[in-house]
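Each chain, letter by letter, is given below.
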Amino acid sequence: MDMLGDLESLQFEYGIQEEDRSWLYLQGRSRGLMIKACAHATFFCKLLCNLRESFHEKQTSSCPLTGLLTGIPDDDELKVGIIGGGHLGKQLARVLLQLVPIPAENLRISTRRPEALDEFQKLGIQCFYHNPYLVDWANVLFLCCLPSQLPNICLEIQTRLEKGCIVYSFVAAVPVARLKLLLNHTNILRPQYQCVENFVNIWGANKDITAALQDPVILQATCPYSPAGGIILNIKWLEGVLYAVLNICTARDMPHLQVLQLLNELLLSVHFEDCEKDGASCPKFQLHDFVSQIYSKNLSQRRPFPWFDLTAVQLKETPFGQHLSASTALQDHLTYRYCDSFGISLPQGQQPGVSTRL
């Protein structure tokens, strides 16, 4: 039993002058941003892991004799690199390790002070200070550095980035268009969050991020369409995630019809109870949901999707964005799938939040 846990003098608020207490809401907002950022990165990595497992299953089913004798090729493994070993970088590493979960050998961290990451090195995670080396190895790269450090980091790594490597930036002060220029790269995701005033702080104070994301109330507040907790995600992030998956499939030269089938299996295979009564109401991805009508008419069945500039996806209107904003059924199914990926089921009729475009 922690006999000091509830001692008032050990609480964060103790000793703060009354005139300064109006700023305490910033603590809850900061924690909420951290929790949401880690939750969305975790969902993204879960999705990529499931995608690679699907690739492997299809490869095994098509080649049953050889498939049973070989493991997943190294190129098919999700290899996550984190640049930055500060508070965000460490929290992200813990969450990815425990909730995706990513094996320790598939996670590496580059930071100016690798000696400060002893807890991760004991788990078998390689921690070092060599950004280009990390980029050569990773196929998903999280930027968790300070804005002032970013230009030099980009200069170091821009010539080492493979076309298919997904750069996922948490550097809030640097917009995605600027990142594209700094990195000379288009396969970039950058979630944007808007904070609102007069919010109810549901983010807790004592739980670590991993434990918080196993709390149903907090987890539901991180759903892409949820405004709970005063932090709203720009839904362009979700568009970017879907187009990033399409790019991964295009890199494998997968016919677009197979890609659509795979997307439906990955994201629209979890249903509400009402769906069983009226299956026709369940959304399914179609080709024209992602490309223009003219392009879809001229795309032969065996052709893959085109390669998408993810920075343009997050800055401009897209066919999928238009379809998503017009379909509450699709929003609800994606929300349900999001919660299900964390092992939490939404009660019937309790889809958190509504569509919110920034």
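- As recorded by an unreviewed UniProt entry, the chain carries the name NADP-dependent oxidoreductase domain-containing protein 1 and is attributed to Zalophus californianus.
- On record in UniProt, under Sequence similarities (unreviewed entry), the comment for the chain is "Belongs to the pyrroline-5-carboxylate reductase family."
- In UniProt, the chain has this text filed under Function (unreviewed entry): "Probable oxidoreductase."

1. A look at the packing of helix 6 (residues 150–157) against helix 7 (residues 176–183)
Piece 1. At their nearest, the axes of helix 6 and helix 7 sit 8 Å apart, and the two run at 45 degrees to each other. Taken together, helix 6 and helix 7 sit at an angle that is classed as oblique. Mapping the contact onto sequence places Leu150, Cys154 and Ile157 in helix 6 and Leu179, Leu182 and Leu183 in helix 7.
Piece 2. For the contact of helix 6 with helix 7, the residue count by class is six nonpolar, no polar and no charged.

2. Topic: helix 16 (residues 328–341)
Piece 1. Between its first and last C-alpha, helix 16 extends 20 Å over 14 residues, near the 20 Å set by a 1.5 Å rise per residue.
Piece 2. Of all 14 residues that make up helix 16, 10 are buried, and the element is covered over most of its length.
Piece 3. Those residues of helix 16 not exposed but buried are Leu330, Gln331, His333, Leu334, Thr335, Tyr336, Arg337, Tyr338, Cys339 and Ser341.
Piece 4. Where helix 16 ends, the next residue or the one after it, Gly343, has phi of about 80 degrees, a positive value.

3. Brief notes about the environment of Ser110
Piece 1. Considering the arrangement of structural elements, one finds Ser110 in strand 2 (residues 107–110).
Piece 2. Separated by 20 residues in the primary sequence, Ser110 and His130 have C-alpha atoms spaced 5.9 Å apart.
Piece 3. Among residues more than four places away in sequence, those in contact with Ser110 are Ile82, Ile83, Gly84, Phe128, Tyr129, His130, Asn131 and Leu134.
Piece 4. For Ser110, the side chain forms a polar contact with the main-chain nitrogen of His130, separated by 3.1 Å.
Piece 5. In terms of polar contacts, Ser110 uses its side chain to reach the side chain of Asn131, at 2.6 Å.

4. Concerning helix 11 (residues 256–267)
Piece 1. Taking 1.5 Å per residue, 12 residues should reach 16 Å; helix 11 reaches 16 Å between its end C-alpha atoms and fits that length.
Piece 2. Listed as buried for helix 11 are His256, Val259, Leu260, Leu262, Leu263, Asn264, Leu266 and Leu267.

5. Things to note about the packing of helix 15 (residues 319–326) against helix 16
Piece 1. Running from amino to carboxyl end, helix 15 crosses helix 16 at an angle of 95 degrees, the nearest separation of the two axes being 5 Å. Here helix 16 runs roughly perpendicular to helix 15, going by the angle between their axes. Contact residues: Phe320, His323, Leu324, Ser325 and Ala326 in helix 15; Thr328, Leu330, Gln331 and Leu334 in helix 16.
Piece 2. Residues of the contact of helix 15 with helix 16, tallied by class, amount to five nonpolar, four polar and no charged.

6. Some details on the sheet that holds strand 3 (residues 126–128)
Piece 1. In space, the six strands of this open sheet follow the order 3-2-1-4-5-6, with parallel pairing throughout. If you trace the sheet from one side to the other, it starts and ends with strand 3 and strand 6 (188–189), each paired once.
Piece 2. Sheet topology note: the strand 1 (residues 80–83)/strand 4 (residues 140–143) ladder contains four bridges and is parallel. By the bridge assignment, Val80 is partnered in strand 4 with Val140.
Piece 3. The sheet contacts of helix 3 (residues 87–99) involve strand 1, strand 2 and strand 4, and relative to strand 1 the element is tilted by about 165 degrees.

7. Focus on the pairing of strand 4
A regular strand places its side chains on the two faces of the sheet in alternate fashion.
Piece 1. Of the two faces of strand 4, both are covered, the one formed by Val140 and Phe142 as well as the one formed by Leu141 and Leu143.
Piece 2. Here strand 4 runs beside strand 5 (residues 166–169); their pairing, made up of four bridges, is parallel. In the sheet register, Val140 faces strand 5, and the bridge partner there is Ile166.

8. Brief notes about the pattern of salt bridges
Piece 1. Within this structure, the stated rule accounts for seven salt bridges.
Piece 2. Here Glu115 ties to Arg113 by a salt bridge, and the two come within 3.6 Å at their closest N and O atoms. Grouping residues by exposure puts Glu115 and Arg113 together as exposed.
Piece 3. Between Arg160 and Asp136 there is a salt bridge; the shortest N-O distance is 2.6 Å. Here Arg160, found in the loop between helix 6 and strand 5, pairs with Asp136, found in helix 5 (residues 131–137); they are 24 residues apart in sequence, far enough to count as distant.

What counts as what
- Numbers given to residues run from 1 along each chain, matching the order in which its sequence is written.
- Owing to the predicted nature of the model, reporting of local features is limited to residues with pLDDT of at least 70; listing and counting of side-chain atom pairs is limited to 80 or more, with chain, interface and lining totals taken over all residues.
- As a rule here, side-chain values come from all non-hydrogen atoms in the structure, and water together with hydrogens is ignored.
- UniProt positions are given in the numbering used here, feature names are shortened, and annotations may be inferred rather than shown by experiment.
- The angle between two axes is taken between their N-to-C directions and runs from 0 to 180 degrees, where each axis is a line fitted to C-alpha atoms and a helix contributes only its stretch in contact.
- Only DSSP runs of H or I reaching four residues or more are called helices, and only runs of E reaching two or more are called strands; each is numbered from the N terminus.
- Should an angle fall under 35 degrees it is called roughly parallel, over 145 degrees roughly antiparallel, and 65 to 115 degrees roughly perpendicular, with every other angle called oblique.
- When checking whether two residues touch, look at their non-hydrogen atoms; a contact exists if any pair is within 4.5 Å.
- Ten residues, namely Ala, Val, Leu, Ile, Met, Phe, Trp, Tyr, Cys and Pro, are considered nonpolar, four, namely Asp, Glu, Lys and Arg, are considered charged, and the remaining ones, Gly among them, are considered polar.
- The length a helix should cover is 1.5 Å for every residue beyond the first.
- Using a 1.4 Å probe on the protein chains alone, a residue whose accessible area is under 20% of its type maximum counts as buried, one over 50% counts as exposed, and one in between counts as partly exposed.
- We define a polar contact as two N or O atoms separated by no more than 3.5 Å, with the added condition that, inside protein, one atom must be a possible hydrogen donor and the other a possible acceptor, whereas residues neighbouring each other in sequence contribute only through side-chain atom pairs.
- Strand pairing requires that DSSP identify at least two bridges connecting the strands.
- Salt bridges are defined as contacts in which a side-chain nitrogen from Lys or Arg sits within 4 Å of a carboxyl oxygen from Asp or Glu.

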